[in-house]
Amino acid sequence: MTTEKMGCEMCKTKNRGEEEKKDLLNRLKRMEGQVRGLQGMVEKDAYCVDVLTQVTAVSAALNSFSRVLLSNHIHTCVAEDLKNGKEEVIDELMVLMQKMMK
């Protein structure tokens, strides 16, 4: 994880390995396709239950993406900050968890 000036106060960035990046991008592309499928279903006046079933699949995919990303974050960024004595990362993680649980 690095901190760089990028037109905002101090933006944190994370250098992801190729495998992690590929996995996350594949998941996002799959969800993008599912959302396009939803658009097509609405355009074609698909039955509500069928659309809602697809919405459930997209929601599950997004939740799975979030779990993978959170796990990666805890195992890398949070663990690294804790090793470096930056305990404020715990507060950051708790704020994140509260947002995710809404």
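Let us look at the structure shown here.

Each value, and the rule that gives it
Residues numbered from 1 in each chain as written. Predicted model: local features only at pLDDT ≥ 70, side-chain atom pairs only at ≥ 80, totals over all residues. Heavy atoms only, no water. Helix = DSSP H or I, 4+ residues; strand = E, 2+ residues; numbered from the N terminus. Rg over C-alpha atoms; globule rule 2.2 N^0.38 Å. Buried < 20%, exposed > 50% of the residue type's maximum accessible area, 1.4 Å probe, protein only. Contact = heavy atoms within 4.5 Å. Areas by Shrake-Rupley, 256 points an atom, 1.4 Å probe, with all protein chains shown as cover. Lys, Arg positive; Asp, Glu negative; His and termini not counted. Charge placed at Lys NZ, Arg CZ, Asp CG, Glu CD.

Secondary structure summary: the chain contains three helices and two strands in total. Along the chain, from the amino end to the carboxyl end, the secondary structure elements read β-β-α-α-α. The globule rule puts the C-alpha radius of gyration for 102 residues at 13 Å, and the 18 Å found for the chain is more than 25% above it. Overall size of the chain, expressed as C-alpha extent along the three principal axes, is 55 × 30 × 30 Å. For the chain, with 102 residues in total, the buried portion stands at 16%. When contacts within the chain are restricted to residue pairs at least 6 apart in sequence, long-range pairs at least 24 apart make up 42% of them. A total of about 7900 Å² of accessible surface is found on the chain, and carbon and sulfur atoms cover 57% of it. Of the charged side chains in the chain, 16 are positive and 16 negative, and the gap between their average positions amounts to 3 Å.

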